[in-house]
Amino acid sequence: MLRRGRRRTPPQGGLVPLTAVTGAVLAVLIGVVFLMLLWAIQDARGSLQTARAGRPALDQAGAVQKVVLDMEGGQLGYVITRQDEFLKPWRAARAAFPAQAQRLVDISASDSQRRLALRIQQSGQSFIDDYSVPLVDAVRRGDPDASSTARTRDGRQRVEELRSSLRNYLGGERVVIDRQEHVLEHRMDRLALGASIGVAGAVVLIVGYGAYVTRVIVWPVRRMAGTATRLAAGDLSARVPPSGRREIGQLETAFNTMAASLEKSHRRLRLLYDAGTALGNTLDVRRTADELVRVAVPRFADHVTVDLAAAVLTGGEPENADGTAVLRRVARGGVGEHAPLDPVGAPAAPSRAAPGAGAALHSDLRVAPEGWATDDRSAEQLLGYGMGSLITAPLAAQGVPMGVIAFWRMRDSPPFEEDDLSDAEELAAKTAAAIENARRYTRERETALALQRSLLPHDLPERPSVEVAYRYLPTGTRAGVGGDWLDVIPLSGTRVALVVGDVVGHGIQASATMGRLRTAVRTLADVDLPPEELLTHLDDLVLHLDDGAPEPAGEVGSTCLYAVYDPVSRRCALASAGHPLPFVITPQGAVEKAPGQPGPPLGLGGLPFETTELDLAGGSTLALFSNGLVHSRDLDLSQGLDRLRRALTAPGESLEATCDHVVAMLREGEPADDVALLLARTHALPGDRVATWEVPADPEHVARARTLTTDQLGAWRLEDLSFTTELVVSELVTNAIRYGGSPIRLRLIRDTAMLICEVSDGSSTAPHLRRARVFDEGGRGLLLVAQLTQRWGTRQTSTGKTIWCEQSLPPADP
């Protein structure tokens, strides 16, 4: 049970406005940085243009200087050589100078340079007009003064002044250009520094904004994604650390609340799932109540008690349908061992819940204890122990109250709430359904067991020919009791029949079928049929079990082993209808499987059965068993037979001890199928207790038969039975001579409690008992035999038939 924590208050404000403002500030700052960079670039561009503007002036000054040089050279060559070809460059230079000089004036940027350019223009034009043109004209006229030293000196002076002005102009322009280039270089350095600072600042702003977004949004979202992955993988205890703010903080709180709700729902579903899988597996009322306690403690409650009506424990209906039946505590459990709750088995107070009402909640037991406690003393004890809250849920099936469940929580645990009522009601509903199934199963099982006990033999008859011991264990599974049975049937001539059978299926239908088959076997055994013929008749009976039934019970199958032991001949004849053959334990302790093969199971029809005859030494033991003893889900048939052989090999003081040893060795816990085990230790009848004579088929020998009988009874000291036995022998031998055929045999058997007289003949015609009329001469012999003896009957043999009768020995005879 988890403690509930306080919910975090969502932070004020919003993440969207904060993110928008932060993004706007970042955009403004980046815009300012780039505007500054743009301004620096424009300033550098102006300086560059200014620097570039001085280059044309230098070039133009060079062009003017060249024109002056061309004009001076042409003029000097013509003066010296008087050749006209020197006048061509002179004329060209003279014609180009005005335009070149004017252009130099026009492209001069500063006032000082412009003044210097005007002076160059004036000096040059004065040189042309006042000196060069007159000098050429004078030379062309042949004036000797044109070559005079004075005129030459004047010309050289004029040219030097012009050149000096050009040099000054070029020097000044170069100074301006150098200064502009230096300014441009300085501005470019500042531009690079500003660009670096701007880019660095932009990067810092972008990184800072990214870090802010990562811290405020990305990391919380990643934590929630990781937590969601853990939740999806089944780790419902995963939670998001509440480190975010605003919407992220609200999202984390909502996410943790959702995870807690999922964990609570998962715990609830897991509790109900475990209850569904744990309850009702045993089909036992008390165990089902204990299973509920183990499921609910401590996952739902600290203590749980289950009270049921006494009738439910035995499979019956509650005495009072109004919920006032006396309840009895069947289960309790909790985290503490000394809780003041009534122990298991103690009577409990009737449920106060009305029929059809749901669970009742007492969130604080200190408030109104009279609503949940039976008396003030119990309320004081429970409150003193620390009980804090309680939910009582009625147990009802199909509207019939069966009991009540109480869920308790201590005060140091979270109290029960309204949401817990649905869980308590669901647990109570599952428990009620499981208890109802267990109750119905208990009732049906008790009914089937009662039917089975009524159909099975209560005590096997004691016969001097065999000493028997048996074990019968009904199955403990929910399939119900099965149809296994065993029987010991006394037969004529001190013989005894040993029977073990198994009906397919479980429940009342199997028990009823078993009872019908057992009755049929006993009926057929009274007819003294051989084992193979008895199984043939039993097979036909199984085929027609459903004849005339309104609803067929389905396919009926059964196995049966029928064995007949004769202590006189020490022979055992047995036949099997799909049943495992018995083991034979020799007097020396060796265990051998009976030879032969089992026949087909009963219910197939039309297939023959075979009889196997065994010669048994006195003191041999036959071990007959059902399939449930040697075969189960965890025990293969061959392995089970080997284990049974080893268990039978172990020496036992008695047959009872051997039975206990075999069952303990082969069965662990409650058997999955009915277990039947029958041990029969054979005894041979001593030869001095049997007398046999051949009687010729002549009425004259009837008297001799009476004499032989009387003499033998005298030897056995049974003279008190001489008259009756002599009369019976006379009647039976006379009938054999008159209506039977040779050979005729008379046999007397003295048992420990009976004197048996048998007359055999070669005819297979069975005699019939009838009532003779007054004037009839015959028909009174068998009636006389029946009246004088305790039992009589006839059985078919391989050579004819045998008529037998039994008399009780006198009490004084040992």
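A brief structural summary. (Residues numbered from 1 in each chain as written. Predicted model: local features only at pLDDT ≥ 70, side-chain atom pairs only at ≥ 80, totals over all residues. Heavy atoms only, no water.)

## Observations concerning the side chain of Asp528
Okay, step 1: In this fold, Asp528 is placed in the loop between α10 (508-526) and α11 (531-543).
Okay, step 2: One polar contact links Asp528 to Arg495, side chain to side chain, over a distance of 2.7 Å. (Helix = DSSP H or I, 4+ residues; strand = E, 2+ residues; numbered from the N terminus. Polar contact = N/O pair within 3.5 Å; in protein donor to acceptor, adjacent residues only side chain to side chain.)

## Focus: a nonpolar patch on the surface
Okay, step 1: On the surface, Val21, Val25 and Leu29 cluster together to form a nonpolar patch covering roughly 240 Å² of accessible area.
Okay, step 2: Checked against the element boundaries, Val21 lands in helix α1 (residues 15-81).
Okay, step 3: Look at Val21 and you get exposed, because its relative accessible area is 51%. (Patch = residues over 30% accessible without salt bridge, like charges linked within 9 Å, V, L, I, M, F, W, Y side chains within 5 Å. Areas by Shrake-Rupley, 256 points an atom, 1.4 Å probe, with all protein chains shown as cover. Salt bridge = Lys/Arg side-chain N within 4 Å of Asp/Glu carboxyl O. Buried < 20%, exposed > 50% of the residue type's maximum accessible area, 1.4 Å probe, protein only.)

## A look at the layout of surface pockets
Okay, step 1: Volume-wise, the second largest pocket comes out at about 910 Å³.
Okay, step 2: Around the second largest pocket, the lining is made up of 29 residues, and of these Arg495, Asp566, Arg795, Gln796 and Thr797 lie nearest the centre.
Okay, step 3: Where the lining of the second largest pocket is concerned, the elements lending two or more residues are α11, β10 (558-566), β11 (571-577), β18 (744-750), β19 (754-761), β20 (791-796) and β21 (801-808).
Okay, step 4: Of the residues assigned to the lining of the second largest pocket, the class counts are eight nonpolar, eight polar and 13 charged. (1 Å grid on protein atoms, 1.4 Å probe; cavity = no way out; pocket = protein on both sides within 12 Å on 5 of 7 lines; lining within 4 Å. Points joined across faces, edges and corners; volume = space filled by probe spheres on them. Nonpolar A, V, L, I, M, F, W, Y, C, P; charged D, E, K, R; others polar.)

## Re a negative patch on the surface
Okay, step 1: Judged by side-chain charge, Glu370, Asp375, Asp376 and Glu380 come together as a negatively charged surface patch.
Okay, step 2: Here Glu380 lies in helix α8 (residues 376-385). (Lys, Arg positive; Asp, Glu negative; His and termini not counted. Charge placed at Lys NZ, Arg CZ, Asp CG, Glu CD.)

## Some words on the environment of Asp487
Okay, step 1: Tracing the sequence through the fold places Asp487 in strand β8 (residues 482-490).
Okay, step 2: Separated by 17 residues in sequence, Asp487 and Tyr470 have C-alpha atoms that sit 9.6 Å apart.
Okay, step 3: Within the structure, Asp487 has its side chain in polar contact with the side chain of Arg518 (distance 3.1 Å).
Okay, step 4: A polar contact of 2.8 Å, which involves the side chain of Asp487, links it to the side chain of Arg522.

## Let's talk about the sheet that holds strand β7 (residues 466-473)
Okay, step 1: Across the sheet, five strands lie side by side as β7-β16-β15-β12-β13; this open sheet has antiparallel pairing. Pairing within the sheet leaves two strands with one partner each, and these edge strands are β7 and β13 (591-593). The average undirected angle you get between the axes of adjacent strands in this sheet is 20°.
Okay, step 2: Pairing of strand β12 (residues 583-585) with strand β15 (residues 621-625), which is carried by three bridges, proceeds in the antiparallel orientation. Bridge pairing in β15 places Ile585 opposite Thr621.
Okay, step 3: Packed onto the sheet, helix α13 (residues 637-649) meets β12, β13, β15 and β16 (675-682) and runs at close to 145° relative to β13.
Okay, step 4: The strands touched by helix α14 (residues 655-666) within the sheet are β7, β15 and β16, with β7 carrying the most contacts at an inclination of about 30°. (Pairing = 2+ DSSP bridges. Axes fitted to C-alpha atoms, helices over the stretch in contact; angles between N-to-C directions. Contact = heavy atoms within 4.5 Å.)

## What about the sheet that holds β18?
Okay, step 1: Here we have five strands laid out as an open sheet, ordered β17-β18-β19-β21-β20, and antiparallel in their pairing. For this open sheet the edge positions go to β17 (690-695) and β20, each flanked by a neighbour on one side alone. With direction set aside, neighbouring strand axes in the sheet form an average angle of 15°.
Okay, step 2: Two strands pair when backbone bridges link them, and β18 and β19 are joined in this way by six bridges, in the antiparallel orientation. Residue pairing in the sheet places Arg750 in a bridge with Leu755 of β19.

## Quick notes on the pattern of salt bridges
Okay, step 1: Applying the stated rule across the entire model yields 19 salt bridges.
Okay, step 2: The salt bridge partner of Asp364 is Arg366, with a shortest N-O separation of 3.2 Å.
Okay, step 3: Its relative accessible area of 29% is what places Asp364 among the partly exposed residues.
Okay, step 4: Using a relative accessible area of 56% as the deciding quantity, one classes Arg366 as exposed.
Okay, step 5: Where Arg745 meets Glu694, a salt bridge forms, and the shortest distance between an N and an O atom there is 3.1 Å. A residue pair is termed long-range when its members are at least 10 positions apart, and Arg745 in strand β18 and Glu694 in strand β17 qualify at 51 residues.
Okay, step 6: Looking at Arg745, the relative accessible area reads 33%, which means it is partly exposed.
Okay, step 7: A network of salt bridges, in which partner residues are shared, links Glu436, Arg439 and Arg440.

## Concerning the nonpolar core
Note that soluble globular proteins tend to have their nonpolar side chains buried in a common cluster.
Okay, step 1: Of all hydrophobic cores here, the largest spans 41 residues; its most connected members are Val304, Val306 and Phe407.
Okay, step 2: Mapped by element, the contributors of at least two residues to this core are α5 (246-278), α6 (285-296), β1 (303-309), α7 (310-313), β2 (327-334), β5 (387-397), β6 (400-410) and α9 (419-455).
Okay, step 3: Here this core gets eight residues from one element, more than from any other, and that element is α9.
Okay, step 4: Sequence-distant contacts of Val306, defined by excluding residues within four places in its chain, comprise Ala289, Leu292, Val293, Arg328, Arg329, Val330, Ala331, Leu395, Val404 and Ile405.
Okay, step 5: Counting residues in each nonpolar core, the second largest holds 33 residues, with Ala57, Ala93, Leu116 and Ala117 among its members. (Core = buried A, V, L, I, M, F, W, Y, C linked by side-chain atoms within 4.5 Å.)

## Some words on the environment of Gly599
Okay, step 1: Along the chain, Gly599 falls in the loop between β13 and β14 (612-615).
Okay, step 2: Here the alpha-carbon distance between Gly599 and His579, two residues 20 residues apart in the chain, equals 7.8 Å.
Okay, step 3: Not counting chain neighbours up to four residues away, the residues in contact with Gly599 comprise Ser576, Ala577, Gly578 and Phe609.

## Structural notes on α14
Okay, step 1: When the terminal C-alpha atoms of α14 are compared, their 16 Å separation across twelve residues agrees well with the 16 Å that a helix rising 1.5 Å per residue should span.
Okay, step 2: Three or more residues of α14 are buried, namely Leu655, Thr658, Cys659, Val662, Val663 and Leu666. Down the axis of α14, the buried set is contained in an arc of 125°. They therefore lie on one face.
Okay, step 3: Buried residues along α14 sit against β7, β15, α12 (627-630), α13 and β16. (Expected span 1.5 Å × (residues − 1). Arc of directions from axis to C-beta.)

These values are about where atoms sit, not about what they do.
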